[in-house]
Amino acid sequence: MTYLFIILYAVTLIYFALSERVKKFIWLLAIQGSILFGIVFFSLNKIEVFDFVFILIETILVKSIIVPWFLNKVRRHNHLKREHEPSIPVFYSIIVVVISLLLSFILSSQLNDNQIHTKYFTVAFASILFGVYFIIIHKNIFSHVVGYLIIENGIFLLSLAVGSVMPMMVNLAILLDVLMGVLVLGIFINQVGDTFKSVEIDQLSNLKD
Amino acid sequence: MFILFVIISITISLSIFFVRNNILTKILSAVFLLMLTGISGYAFIHINEISSHYYKFDDLGVLLAFVLSILSLATFYHSYLYLKRHNFTNKQEAGYYASIIMLITAMMSAYFAENIAVLWISIETTTLFVSILIFFERTKEALEAAWKYLFVSSVGVALAFIGILFLSITASSNGITDLSLLHLIEIASSMSSIWLKMAFLLVLTGYSAKMGLFPLHTVAIDAHTVAPPPISAFISTTLMNVGFLGIYRVFTIVAQTEVLHWAQNVLLIAGVLSVFMSAIQLLKIKHYKRMFAFSSLEHMGIVALGLGIGGIGYYAAILHLVFHSFVKAGLFYQIGQVHRYFKSYWIKDAYGYFKINPVGGLALILGFISILAIPPSGMFVSEFLTFKAMFLTKHYYIAIFILILLTLIIYSFSKNILHLLFNEADEEIEINEIKPNPYESISQFVLFGLVIYLGINPPVFFTDLIDAAIAILN
């Protein structure tokens, strides 16, 4: 069952590369959140009940409801519809996703460390690589935040791969921090949109020597 | 005990933010400063004790907490002056104080964090609050800088988190799952070197945004340019110390293994490139605050070099970090004063300052001598020790290259500061008629004086703290 979810997660990465509509990005993030929920539900049942419930709530409530809802609000505020002229054609992006997946497969089979659950490690690593790539190819700051969230989801998977469950308090604090970060980033996107009348990155190039 | 401090600070910050009463804000700020000094003193008395499970009053933490306490006093005073002279609403002022209190609390939490994950959380929190403060003046440039700082730091800190996860992979194969620094150091020698290398590289890259070190230094520099001067003083000093600490903690783990030599080479590369970038940029600098920002890059580079060389280099690095904090903060406070007269930080718009405000000019001269590490400045001692370490360990080429770069830096820095101080106006520039208030420069004189005193005649407890902080490395 876990394998199904992991493959689904890899598929969302390919969809990210395919789509050009901002609304779709948000949907995909919500779907990723639910997939993470599924992964946790089917695999992490050896830990304490309290921690287990907390991580379930984290994935379903925060990753698949609150964050996408908030991003949607930001999207409406700034009237974002479609990515204008992505700097790299979709075709190449798909190749990059496939290559990053392959790379992570090779890497994780090379590692062969008993401490790592290789199945998670593969997609986690691919997700982080793809998130960085996503930030690089997109020219507006809203998509940059989406890229950051893809990296964050990758990190979440990586922490599952590592298998060491952090103490409850630490987990909670990490979650709050990331959530706060996304909220502040969203507020700044709105500010940029209001001030510059656009959220393209080219607007933000006044500070230089 | 420490968690109590955090909770009370958060309460103070929230009450300031929601009540928005000027008098209450001042009283609560004073209470907070007292508490801050109190907790630093408490930590010094209870040194090396675990507090609130996740914190430990270790030597380096105590030292940096003292630096933060001293600079907080000065920063609050200069913030008060800064806010008084601009017409901000009550809401904005309350927001300023609430954010700065949260920022200081997060920095304290980073200094004392014994658990690497807690350290990470604290560092991420500082990013959030400092970006709010960078945006404080609500200009387009401020927005740009705040966005870049927040976004790049967040991604950087996320990278550092991957590094921490890698660290926990190799730790858990040795039976340690709680990421406590003490446990990690204990089992360090049995960690796998490939994971350690990757972890160190990711942590160094990620936290370099906070430390203002190459490669992610650019966002910190943009942030300096637009932030209110008291906040620039923080970004450039105590916040960079937080970034340093993040890297240093992982370095102490690496130092127990055979990866040490490799990690030191990485630090040497980062250090040399930082000084190099700084020297190149300073040659064509047009903005006083950016000039100070690039000078911070240079000094962080020297700190990284100190760590990279080892031996007395370790001692020199910590010493340099502390001295740089005092001097750079003083310079930023003073440049805030300069701004009152010229209404600009651009080099072409501001000159002849010594005639307008001799006391402030004197403070600037003293700061300028101190930051360039010219004797009697304490920074001379720390830089001298760094170079001594380089020659002792036969890093001749690096030492000579850095000396050449430092010469370039001294040239461009002096050119601009002397222009600011003594250049006669060949055309009339607009200068605001304000009666200079010499008392506003007192804090700068105290800070610069402190650096001279600590350099020439360091008290025993000060050197003991540094020695204890680096004991784990030797």
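Residues numbered from 1 in each chain as written. Chains lettered and ligands numbered in written order. Predicted model: local features only at pLDDT ≥ 70, side-chain atom pairs only at ≥ 80, totals over all residues.

The helix and strand inventory of chain A stands at seven helices and zero strands. What you see in chain A, going N to C, is helices and strands ordered as α-α-α-α-α-α-α. The C-alpha radius of gyration computed for chain A amounts to 17 Å, which stays within 12% of the reference 17 Å derived for 209 residues, consistent with globular compactness. Scored against the burial criterion, the 209 residues of chain A give a buried share of 42%. (Helix = DSSP H or I, 4+ residues; strand = E, 2+ residues; numbered from the N terminus. Rg over C-alpha atoms; globule rule 2.2 N^0.38 Å. Buried ≥ 20, exposed ≤ 12 C-beta atoms within 10 Å, placed from the backbone.)

Of regular secondary structure, chain B possesses 20 helices and two strands. Since a compact globule built from 474 residues should have a radius of gyration of about 23 Å, the 21 Å found for chain B is in line with a globular shape. C-alpha atoms of chain B, sized along the principal axes, occupy 70 × 55 × 45 Å. Each of the 474 residues in chain B was classed as buried or not, and the buried ones make up 60%. Of the contacts formed within chain B by residues at least 6 apart in sequence, a portion of 79% connects residues at least 24 apart. (Contact = placed C-beta atoms within 7 Å.)

With that settled, the discussion passes to the interface of chain B and chain A. Across the boundary between the two partners, chain B contributes 35 residues, which contact 32 residues of chain A. If you list the elements that add at least two residues to the side of chain B that touches chain A, you get helix H5 (116-134), helix H6 (140-172) and helix H9 (218-226) of chain B. In terms of residue class, the side of chain B that touches chain A is made up of 17 nonpolar, nine polar and nine charged. (Nonpolar A, V, L, I, M, F, W, Y, C, P; charged D, E, K, R; others polar.)

Turning our attention to the nonpolar core. Of all hydrophobic cores here, the largest spans 248 residues; its most connected members are Leu103(B), Met107(B), Leu133(B), Ile134(B), Ala146(B) and Ile318(B). Examining the composition of this core, we find that 21 residues originate from one element, H6(B), more than from any other. (Core = buried A, V, L, I, M, F, W, Y, C linked by C-beta atoms within 7 Å.)

Detailed reading of the predicted model is not advised wherever pLDDT is low. Residues and elements named next belong to chain B. Averaged over every residue, the pLDDT of chain B is 91; residues scoring 70 or more account for 99%. The lowest-confidence element of chain B is strand E1 (residues 50-51), averaging 86 in pLDDT; the highest-confidence one is helix H12 (residues 260-283), averaging 95. As scored by the predictor, the complex reaches a pTM of 0.93 and an ipTM of 0.90. (pLDDT = per-residue confidence, 0-100.)

Note on helix geometry: an α-helix contains 3.6 residues per turn, so any two residues three or four positions apart are oriented the same way. With 22 residues, helix H6 (residues 141-162) of chain A should reach 32 Å at 1.5 Å per residue; the first-to-last C-alpha distance of 31 Å fits that figure. Along H6(A), 22 of the 22 residues are buried, which leaves the element largely enclosed by surrounding structure. (Expected span 1.5 Å × (residues − 1).)

Positionally, Phe44(B) belongs in helix H2 (residues 22-45). Once the C-alpha coordinates of Phe44(B) and Leu63(B) are considered, the two residues, 19 residues apart in sequence, prove to be 8.6 Å apart.

Residues and elements named next belong to chain B. It is at 8 Å that the axes of helix H10 (residues 229-236) and helix H14 (residues 312-342) come closest, and there the two elements cross at 165°. Considering the angle they form, H10 stands roughly antiparallel to H14. The handedness of the crossing between H10 and H14 comes out as right-handed. Every residue of H14 that contacts H10 at Pro229, Pro230, Ser232, Ala233 and Ser236 is listed here: Lys328, Ala329, Phe332, Tyr333, Ile335 and Gly336. (Axes fitted to C-alpha atoms, helices over the stretch in contact; angles between N-to-C directions. Parallel < 35°, antiparallel > 145°, perpendicular 65-115°, else oblique. Left-handed = near helix turned anticlockwise from the far one by under 90°.)

Residue and element names in this part refer to chain B. Residue position: His287 is located in the loop between H12 and helix H13 (288-309). Judged by the 20 C-beta atoms lying within 10 Å of it, His287 is buried. Expressed as a C-alpha distance, the spacing of His287 and Asn416, which sit 129 residues apart in the sequence, is 9.4 Å. Excluding residues that lie within four positions of it along the chain, His287 makes contacts with Thr225, Tyr345, Trp346 and Ile347.

Before going further, it helps to spend a moment on unusual backbone geometry. Phe214(B) connects to Pro215(B) through a cis peptide bond whose omega is 10°. Counting through the fold element by element, Pro215(B) comes out in the loop between helix H8 (193-211) and H9. Along the chain, Pro375(B) connects to Pro376(B) via a cis peptide bond; the corresponding omega equals 10°. Tracing the sequence through the fold places Pro376(B) in the loop between helix H16 (358-371) and helix H17 (378-392). Within the chain, His79(A) stands out as a residue other than glycine whose phi angle is a positive 50°. Position of His79(A) relative to the elements: it lies in the loop between helix H3 (49-77) and helix H4 (90-111). Assessed through the 9 C-beta atoms surrounding it within 10 Å, His79(A) is described here as exposed. The backbone phi angle of Ala373(B) is positive, close to 60°, even though this residue is not glycine. By secondary structure assignment, the location of Ala373(B) is in the loop between H16 and H17. Look at Ala373(B) and you get buried, because 24 C-beta atoms sit within 10 Å.

In this section: the environment of Ala146(B). Turning to its location among the elements, Ala146(B) is positioned in helix H6. On the basis of neighbour counts, which here come to 27 C-beta atoms within 10 Å, the residue Ala146(B) falls in the buried class. Each C-alpha atom of the pair Ala146(B) and Ala223(B) lies 6.6 Å from the other, and the pair is 77 residues apart in sequence. Beyond its immediate chain neighbours, meaning those up to four positions away, Ala146(B) contacts Phe188(A), Ser131(B), Ile134(B) and Phe135(B).

Next up on the list: the packing of H6(B) against H8(B). Residue and element names in this part refer to chain B. As a packed pair, H6 and H8 sit with axes 7 Å apart at the nearest point and diverge in direction by 160°. As far as their axial angle goes, H8 and H6 are roughly antiparallel. Helix-helix and strand crossings are classified by hand; for H6 and H8 the assignment is left-handed. Residue-level contacts link Val152, Ser153, Gly156, Val157, Leu159, Ala160, Ile162, Gly163, Phe166, Leu167, Ile169 and Thr170 of H6 to Trp195, Leu196, Met198, Ala199, Leu202, Val203, Thr205, Gly206, Tyr207, Ala209 and Lys210 of H8.

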